[in-house]
Amino acid sequence: YEKEKVRTFELEIALSDRNKTKYSELTTNTTITITLKDVPEVPQITSTEFSVRENPPADTLIGIIEATDPDGEGELLFSLAVESPYVTVKPNGEIHVKEGAIIDYEKMQKFTITVTVKDADGLEFDGDIVINVIDVNEPPKIEPQEFTFPEDSKPGTKKGPVEAKDPDTKNPEF
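Below: a short report on this structure. What you see is a predicted model; the values in this text were computed from it and never measured. (Residues numbered from 1 in each chain as written. Predicted model: local features only at pLDDT ≥ 70, side-chain atom pairs only at ≥ 80, totals over all residues. Heavy atoms only, no water.)

## Quick look at the sheet that holds strand β8 (residues 87-89)
Here is step 1 of the chain: Across the sheet, three strands lie side by side as β5-β9-β8; this open sheet has antiparallel pairing. At either end of the open sheet lies a strand with only one pairing partner, and these are β5 (61-64) and β8. Taking each pair of neighbouring strands and ignoring which way they run, the sheet shows an average axis angle of 20 degrees.
Here is step 2 of the chain: Pairing geometry for β8 and strand β9 (residues 94-97), over three bridges, is antiparallel. Paired with V89 across the strands is I95, a residue of β9. (Pairing = 2+ DSSP bridges. Helix = DSSP H or I, 4+ residues; strand = E, 2+ residues; numbered from the N terminus. Axes fitted to C-alpha atoms, helices over the stretch in contact; angles between N-to-C directions.)

Here is the structure:
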């Protein structure tokens, strides 16, 4: 409908008796008008992938969802179709990190959310959006530890090992 320049068509129709020998030729002419009616079309989500650095603070803006409405009228509203433990989606399409979300590259490199876009006609479309998690180099962690040495220990006496962890690797070397 949106691509049609002519939305109304007129057809001239002539109707005649088939048996001209039995009946004198009778013909009727008329004009039929055909009008194309616009049918609302479903909006479509056009942005399907975003990225976020791991361990982001709550309310970090990840991106803004883009969508198109073939009808081209009115505001589009966005929401999560399925609740996410990691993000929220505002009605304007902004994706934000959820309060308390743990987004850790070492546990997941990406996750998918399902978003609903709704147009002015009330038509909805659900689409999946992939959020890639970007690895960030994190500092190693060491907890307080206690070692006891006898008072007559000689210089160079060894105790340990000192235990530390690096969240970026399974087998850290320090």
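Don't stop here, the text continues.
## Examining the packing of aromatic side chains
Here is step 1 of the chain: What the rule picks out here adds up to one aromatic pair.
Here is step 2 of the chain: Measuring from ring centre to ring centre gives 4.7 Å for Y86 and F111, while their planes differ by 45 degrees; the resulting arrangement is tilted. Highlighted residues: Y86 in the loop between β7 (77-80) and β8 and F111 in strand β10 (residues 110-118), separated in sequence by 25 residues.
Here is step 3 of the chain: The class for Y86 is partly exposed, based on a relative accessible area of 23%.
Here is step 4 of the chain: In this arrangement the basic side chain of K159 is found over the ring face of F149, its NZ or CZ atom lying 6.0 Å from the centre. (Phe/Tyr/Trp six-rings, centres within 6.5 Å; stacked < 30°, edge-to-face > 60°. Buried < 20%, exposed > 50% of the residue type's maximum accessible area, 1.4 Å probe, protein only. Lys NZ or Arg CZ within 6 Å of the ring centre and 35° of its normal.)

## Regarding the pattern of salt bridges
Here is step 1 of the chain: A full pass over the atoms with the stated rule returns two salt bridges.
Here is step 2 of the chain: Residue E83 pairs with K98 through a salt bridge whose shortest N-O separation is 2.7 Å. Here E83, found in the loop between β7 and β8, pairs with K98, found in the loop between β9 and β10; they are 15 residues apart in sequence, far enough to count as distant.
Here is step 3 of the chain: A relative accessible area of 63% places E83 in the exposed class.
Here is step 4 of the chain: Note that D104 and K107 form a salt bridge whose closest N and O atoms lie 3.9 Å from each other. (Salt bridge = Lys/Arg side-chain N within 4 Å of Asp/Glu carboxyl O.)

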